[in-house]
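Fold and contact review
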Amino acid sequence: DDQIERERASQHLPGGCCALAAIYLMGKFYVANAGDSRAIIIRNGEIIPMSREFTPETERQRLQFLALLRPELLGKEFTHLEFPRRIQPKELGKKMLYRDQNMNGWAYKKIEEDDLKFPLIFGEGKKARMMATIGVTRGLGDHDLKVFSSNIHIKPFLSCFPEVRVYDLTQYEHCPDDVLVLGTDGLWDVTNDKEVAGVVMEVLMSYEPNDPCRYTMVAQELVVRSRGVLKERGWRLANDKLGSGDDISVFVIPLGGPGNYT
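Residues numbered from 1 in each chain as written. Predicted model: local features only at pLDDT ≥ 70, side-chain atom pairs only at ≥ 80, totals over all residues. Heavy atoms only, no water.

**Remarks on the nonpolar core**
- If you look at the biggest cluster of nonpolar residues, it comprises 19 residues, and the most contacted ones within it are V181, V196, L222 and V252.
- It is helix α4 (residues 193-204) that contributes the most residues to this core, 6 residues altogether.
- Core analysis: the next-biggest nonpolar cluster, separate from the first, contains 17 residues, L74, F78, L120 and F157 among them. (Core = buried A, V, L, I, M, F, W, Y, C linked by side-chain atoms within 4.5 Å. Buried < 20%, exposed > 50% of the residue type's maximum accessible area, 1.4 Å probe, protein only. Helix = DSSP H or I, 4+ residues; strand = E, 2+ residues; numbered from the N terminus.)

**Some thoughts on the sheet that holds strand β2 (residues 19-25)**
- As summarised here, the arrangement of the 3 strands in space is β2-β3-β13, forming an open sheet in which the pairing is antiparallel. In this open sheet, the two edge strands, each paired with only one partner strand, are β2 and β13 (163-168). The mean angle between the axes of side-by-side strands here comes to 15°, regardless of whether they run parallel or antiparallel.
- Where strand β3 (residues 28-34) lies against β13, 6 bridges are found, and the strand directions are antiparallel. (Pairing = 2+ DSSP bridges. Axes fitted to C-alpha atoms, helices over the stretch in contact; angles between N-to-C directions.)

**Observations concerning the sheet that holds strand β17 (residues 250-254)**
- The antiparallel open sheet is built from 4 strands, whose spatial order is β5-β4-β14-β17. Looking at the sheet topology across the chains shown, the edges are occupied by β5 (46-49) and β17. The mean inter-strand angle of the sheet, taken between neighbouring strand axes irrespective of direction, is 20°.
- Bridge analysis of strand β4 (residues 38-43) against β5 gives 4 bridges, and the strand direction is antiparallel. Note that in β5 the partner of I41 across the bridge is I48.
- α4 rests against β4, β5 and β14 (179-183) of the sheet, and its axis sits at about 50° to β4.
- Across the face of the sheet, helix α5 (residues 213-227) comes into contact with β14 and β17 while running at roughly 150° to β17. (Contact = heavy atoms within 4.5 Å.)

**A short note on the side chain of H80**
- Note that H80 resides in the loop between β6 (78-79) and β7 (95-98).
- Accessibility expressed as a relative area gives 17% for H80, which makes it buried.
- Here the side chain of H80 touches Q101 through a polar contact of 3.4 Å, side chain to side chain. (Polar contact = N/O pair within 3.5 Å; in protein donor to acceptor, adjacent residues only side chain to side chain.)

**A word on the domain arrangement of the protein chain**
- Domain assignment breaks the protein chain into domain 1 (1-52 + 162-254) and domain 2 (59-141).
- For domain 1 and domain 2, the distance between their C-alpha centres works out to 32 Å.
- Counting from both sides, the interface comprises 14 residues of domain 1 and, opposite them, 6 residues of domain 2.
- Of the roughly 800 Å² buried where domain 1 meets domain 2, counting both sides, 57% is carbon and sulfur surface.
- For the interface between domain 1 and domain 2, the tally reads 3 salt bridges.
- Of the charged contacts, one joins K126 and D185 as a salt bridge, the two residues approaching to 3.9 Å between their closest N and O atoms.
- Summed over the shared surface of domain 1 and domain 2, the number is 3 residue pairs in polar contact (both at pLDDT 80 or more).
- A per-class count over the side of domain 1 that touches domain 2 returns 6 nonpolar, 3 polar and 5 charged. (Domains from an automatic or database assignment. Buried area = accessible area lost by both parts, 1.4 Å probe. Salt bridge = Lys/Arg side-chain N within 4 Å of Asp/Glu carboxyl O. Nonpolar A, V, L, I, M, F, W, Y, C, P; charged D, E, K, R; others polar.)

**Description of the packing of aromatic side chains**
- The final tally for this structure, using the stated rule, is 4 aromatic pairs.
- Ring centres of Y24 and F29 lie 5.7 Å apart, and the angle between their planes is 65°; on these two criteria the pair is classed as edge-to-face.
- Using a relative accessible area of 52% as the deciding quantity, one classes Y24 as exposed.
- Feature note: the residues F78, F118 and F122 constitute an aromatic cluster, connected by ring pairs.
- Here the basic side chain of R138 rests over the ring of F54, its NZ or CZ set 4.0 Å away from the ring centre. (Phe/Tyr/Trp six-rings, centres within 6.5 Å; stacked < 30°, edge-to-face > 60°. Lys NZ or Arg CZ within 6 Å of the ring centre and 35° of its normal.)

**Quick word on empty space enclosed by the protein**
- If you walk through the whole model with that rule in mind, you get 1 cavity of 30 Å³ or more.
- Its boundaries defined by the atoms lining it, the largest cavity holds a volume of some 30 Å³.
- Considering the residues around the largest cavity, the lining is formed by F83, R85, R86, I87, D115, K117 and P119.
- Its residues placed into classes, the lining of the largest cavity shows 3 nonpolar, no polar and 4 charged. (1 Å grid on protein atoms, 1.4 Å probe; cavity = no way out; pocket = protein on both sides within 12 Å on 5 of 7 lines; lining within 4 Å. Points joined across faces, edges and corners; volume = space filled by probe spheres on them.)

**A look at unusual backbone geometry**
- Residue N44 is not a glycine yet carries a positive backbone phi of 55°.
- With respect to the helices and strands, the residue N44 is situated in the loop between β4 and β5.
- Unusually for a residue other than glycine, M131 sits at a positive phi of about 55°.
- Relative to the helices and strands, M131 resides in the loop between β11 (129-130) and β12 (140-141).

**Looking at the layout of surface pockets**
- Taken as a whole, the largest pocket spans an internal volume of roughly 590 Å³.
- Along the walls of the largest pocket sit 28 residues, with C18, D36, S37, T184 and D185 positioned nearest its centre.
- Mapped by element, the contributors of at least two residues to the lining of the largest pocket are β1 (16-17), β2, β14, α3 (185-188) and β17.
- At 3 residues, the largest contribution of residues to the lining of the largest pocket is made by β17.
- Looking at the lining of the largest pocket residue by residue, the classes come out as 10 nonpolar, 8 polar and 10 charged.
- Structurally, the lining of the largest pocket is a two-domain feature, drawing no fewer than three residues from each of domain 1 (1-52 + 162-254) and domain 2 (59-141).
- Lining the second largest pocket are 14 residues; nearest its centre among them are V190, T191, R225, L237 and A238.

Have a look at this one:
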């Protein structure tokens, strides 16, 4: 992340990205995630999560705590408190549900002038945004990103530090149908873990266990199914729901070889 900052001026490359990495070392997989990509292991049909997404919703308390410690980062436009909806001026003096950096649940507070500011985190699910700008809270780069029409920098709230999970391959007997799937959010926006596992098993059954291209074909099928088919109303899935409009990258990595296939 520091290197991106140093090189952005000379390379003229603003922007940023999420990062998901898998490293195999001495019998173990280390999966590191900074962003909203996702990794899962499919072992004997069982789904084992190897990451979690970092979004304004999942990191609400970290973001609110930073904003409380450094209120200057919010400018004069945002409040670190969260409300179920935008507060209207006519509601000054009334009671409204809210939560701060220490709360999992909600409580009531009397609405004050500062509460009329835009909340640091607003929206739910994939529509949740931090400072009405970005839907992911960890990653690399974005050193120049600012709130629209303001001089408020987003970067102080974006962490480049990943969460790392470890999977010990020596603890289990793996067959060629056991895989690690890495995918960007373009895949997971429209395809859940169970559906991905279904595609993995369906495609792998169409190939011999010692055919190395079977894993490439799984990745290709996951991309195709998540993108859908281009129709008059845009990209559509088989159930006619909207396909993914985001970029989709998928890796399918085998955990076992033909030698221990049963």
